[in-house]
Amino acid sequence: GNHNQGINVQVGANEVLVRDSIISDQLPDPSGLYGSAVLISAGSLTIESSELTGNSHYAVGGEGEEVTVTLRDTYIQGTLAPDTGETGIAVALASGATAEIDGCELAENQGQGILADGEGTTLTVSDTTVRDGLTTTDGSYGTGIRAQAAAQVTIEHSIVQDCATGGIYAAGHGTTVT
């Protein structure tokens, strides 16, 4: 596998489309972090009909007010927690990122299926299954969907099941999950 990220979308990016692709087995960098399939810090990312498996830290990570992520009909499985004490997260959104997850399956991720973190972060999950969330090596996390620090999450026609420490978790003033 590659080290660090499979795809990294940064400043100046407009729109990136990943379709009918497999991104797997990305390894952490020498510090033990990352190993993500896809990281985006600017622009719009759409992943359709793809598989992201066996990656480390994040399968998909998006951070910032200028970030929009769309996942459709995509399978994300086995995102591993790095040895640094961080969690493995199938989809991590922070600092005002916006995302839509539709018709996807997120399974057996070590830590969290989905994390929405921070004011302005908005997530809609529809027709999606988040299942079999695994704990990290210290026995923590294992959450299906986690919203915190004023993130806004809407879940429609979806299944969250068999996650080790809970299906849906919401914390922090201003956080909403509907």
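What comes next concerns the included structure.

Before going further, it helps to examine the pattern of salt bridges. Applying the stated criterion to the full structure yields four salt bridges. Between Glu48 and Arg19 there is a salt bridge, with its nearest N and O atoms 2.9 Å apart. Here the residue Glu48 occupies a position in strand E5 (residues 43–48), and Arg19 occupies one in strand E2 (residues 15–19), the gap between them amounting to 29 residues. The closest approach of N and O atoms between Glu48 and Arg72, which form a salt bridge, is 2.9 Å. Within this pair, whereas Glu48 is found in strand E5, its partner Arg72 is found in strand E8 (residues 67–72), the two being separated by 24 residues in sequence. Judged by its relative accessible area of 16%, Glu48 falls in the buried class. Residue classification places Arg72 among the partly exposed positions, given a relative accessible area of 31%. In this structure, a network of salt bridges that share partners links the residues Arg19, Glu48 and Arg72.

Looking at the largest pocket, its volume works out to about 360 Å³. Residue lining of the largest pocket: 24 residues in total, with Tyr58, Glu63, Ala92, Ala94 and Leu115 positioned closest to the centre. Of all the secondary structure elements, the ones that give two or more residues to the lining of the largest pocket are strand E1 (5–9), strand E4 (36–40), strand E7 (58–63), strand E10 (88–94), strand E13 (111–117) and strand E16 (143–148). Its residues placed into classes, the lining of the largest pocket shows eleven nonpolar, nine polar and four charged.

So, about the pairing of E8. Walk down a regular strand and you will see the side chains alternate between the two sheet faces. Here six bridges tie E5 to E8, and the two strands are oriented parallel to one another. By the bridge assignment, Ile47 is partnered in E8 with Leu71. In this structure, E8 lies alongside strand E11 (residues 98–102), joined through five bridges in parallel fashion. Along E11, the bridge assignment pairs Val69 with Ala99.

Our focus in this paragraph is the state of the cysteines. For the structure shown, the criterion picks out zero disulfides. Left unpaired, Cys104 is separated from the closest cysteine sulfur, that of Cys163, by 15 Å. Judged by its relative accessible area of 14%, Cys163 falls in the buried class.

With that out of the way, let us pick up empty space enclosed by the protein. Take a probe with the size of a water molecule and roll it over the atoms, and the empty space left behind shows itself. Overall, the coordinates contain one cavity of 30 Å³ or more when judged by the stated rule. A volume near 30 Å³ is recorded for the largest cavity. Every residue along the wall of the largest cavity is listed here: Leu106, Glu108, Asn109, Gln112, Gly113, Val130, Arg131, Gly133, Thr143, Gly144 and Cys163. Of the residues belonging to the lining of the largest cavity, the class tally is three nonpolar, six polar and two charged.

Here six strands make up an open sheet; going across it, the order is E3-E6-E9-E12-E15-E18 and the pairing parallel. Two strands lie at the open edges of the sheet, namely strand E3 (22–24) and strand E18 (159–161), each paired on one side alone. Averaged over all neighbouring strand pairs, the angle between strand axes comes to 5°, with direction disregarded. As judged from the three bridges shared by strand E9 (residues 75–77) and strand E12 (residues 105–107), these two strands associate in the parallel manner. What sits directly across from Tyr75, in E12, is Glu105.

Quick notes on the rules
- Residues numbered from 1 in each chain as written.
- Predicted model: local features only at pLDDT ≥ 70, side-chain atom pairs only at ≥ 80, totals over all residues.
- Heavy atoms only, no water.
- Salt bridge = Lys/Arg side-chain N within 4 Å of Asp/Glu carboxyl O.
- Helix = DSSP H or I, 4+ residues; strand = E, 2+ residues; numbered from the N terminus.
- Buried < 20%, exposed > 50% of the residue type's maximum accessible area, 1.4 Å probe, protein only.
- 1 Å grid on protein atoms, 1.4 Å probe; cavity = no way out; pocket = protein on both sides within 12 Å on 5 of 7 lines; lining within 4 Å.
- Points joined across faces, edges and corners; volume = space filled by probe spheres on them.
- Nonpolar A, V, L, I, M, F, W, Y, C, P; charged D, E, K, R; others polar.
- Pairing = 2+ DSSP bridges.
- Disulfide = S-S within 2.5 Å.
- Axes fitted to C-alpha atoms, helices over the stretch in contact; angles between N-to-C directions.

The values are spatial; any link to function lies outside them.
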